[in-house]
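# Coordinate analysis (summary)
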Amino acid sequence: QVQLVESGGGLVQAGGSLRLSCAISRSIFTFYAMNWHRQAPGKERELVATISSGGRTNYVDSVKGRFTISRDNAGNTIYLQMNSLKPEDTAVYYCAAEGGWGVIEYWGQGTQVSVSS
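In this text, all values refer to a predicted model and were calculated from it rather than measured experimentally.

Moving on, we come to the state of the cysteines. As enumerated under the stated definition, the model contains one disulfide in all. With its sulfur 2.1 Å from that of its partner, Cys-22 forms a disulfide with Cys-95. Its S-S torsion of approximately -75° makes the covalent link between Cys-22 and Cys-95 left-handed. Linking Cys-22 in strand E3 (residues 18–24) with Cys-95 in strand E9 (residues 91–98), this pair joins segments that are 73 residues apart in sequence.

Moving on: the pairing of strand E8 (residues 77–82). Judged by how many residues are buried, E8 sits mostly within the fold: five of six residues are covered. Sheet analysis places E3 next to E8, joined by six bridges and oriented antiparallel. For Cys-22, the partnering residue across the bridge sits in E8 and is Ile-78. In terms of strand pairing, strand E7 (residues 67–71) meets E8 through five bridges, oriented antiparallel. By the bridge assignment, Ile-69 is partnered in E8 with Leu-80. As consecutive antiparallel partners, E7 and E8 are separated by five residues, and within that stretch Gly-75 has a phi angle of approximately 80°, a positive value.

Next up on the list: the sheet that holds strand E1 (residues 4–7). Ordered by their spatial adjacency, four strands build an open sheet running E1-E3-E8-E7, and the pairing between neighbours is antiparallel. Two strands close off the open sheet at either side, each with one partner strand: E1 and E7. Sheet twist, expressed as the mean angle between neighbouring strand axes with direction ignored, is 15°.

Rules used in this analysis
- Counting restarts for each chain: residues are numbered from 1 in the order of the written sequence.
- Only residues with pLDDT of at least 70 are given local features in this predicted model, and only at 80 or more are side-chain atom pairs given and counted; all residues enter the totals for whole chains, interfaces and linings.
- Hydrogen atoms and water are omitted, and side-chain values are computed over all heavy atoms in the structure.
- Any two cysteine sulfur atoms within 2.5 Å of one another count as a disulfide.
- What counts as a helix is a DSSP run of H or I of at least four residues, what counts as a strand is a run of E of at least two, and both are numbered from the N terminus.
- Using a 1.4 Å probe on the protein chains alone, a residue whose accessible area is under 20% of its type maximum counts as buried, one over 50% counts as exposed, and one in between counts as partly exposed.
- Here, a strand pair is defined by DSSP locating no fewer than two bridges between the strands.
- Each axis is a line fitted through C-alpha atoms, and for a helix only the stretch in contact is used; angles between axes span 0 to 180 degrees, taken between their N-to-C directions.

This is the structure in structure tokens:
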């Protein structure tokens, strides 16, 4: 069983920054892509950022220019650097391992990000 463990969430004021980490028990290069998703109260879970095994990144429009997804060279950890945070970024953020065709094989337990105005 593959384990994904997120950390780095917390409470921050609008305009501030947070860096989320996701430690994975299997090499990220064995997956098609690694993703960050988020779910706000009363809303559906949405894909925020993705990094493919080849290193290509993609972001939802609402975070472009503010968030950056990256990974370590060892292939055990992915990150989400979040700058210029807004109250609407408040959500539980989940790390996910994608096996291709949008199929999520494994989820992390989530980490809460709260942005105060």
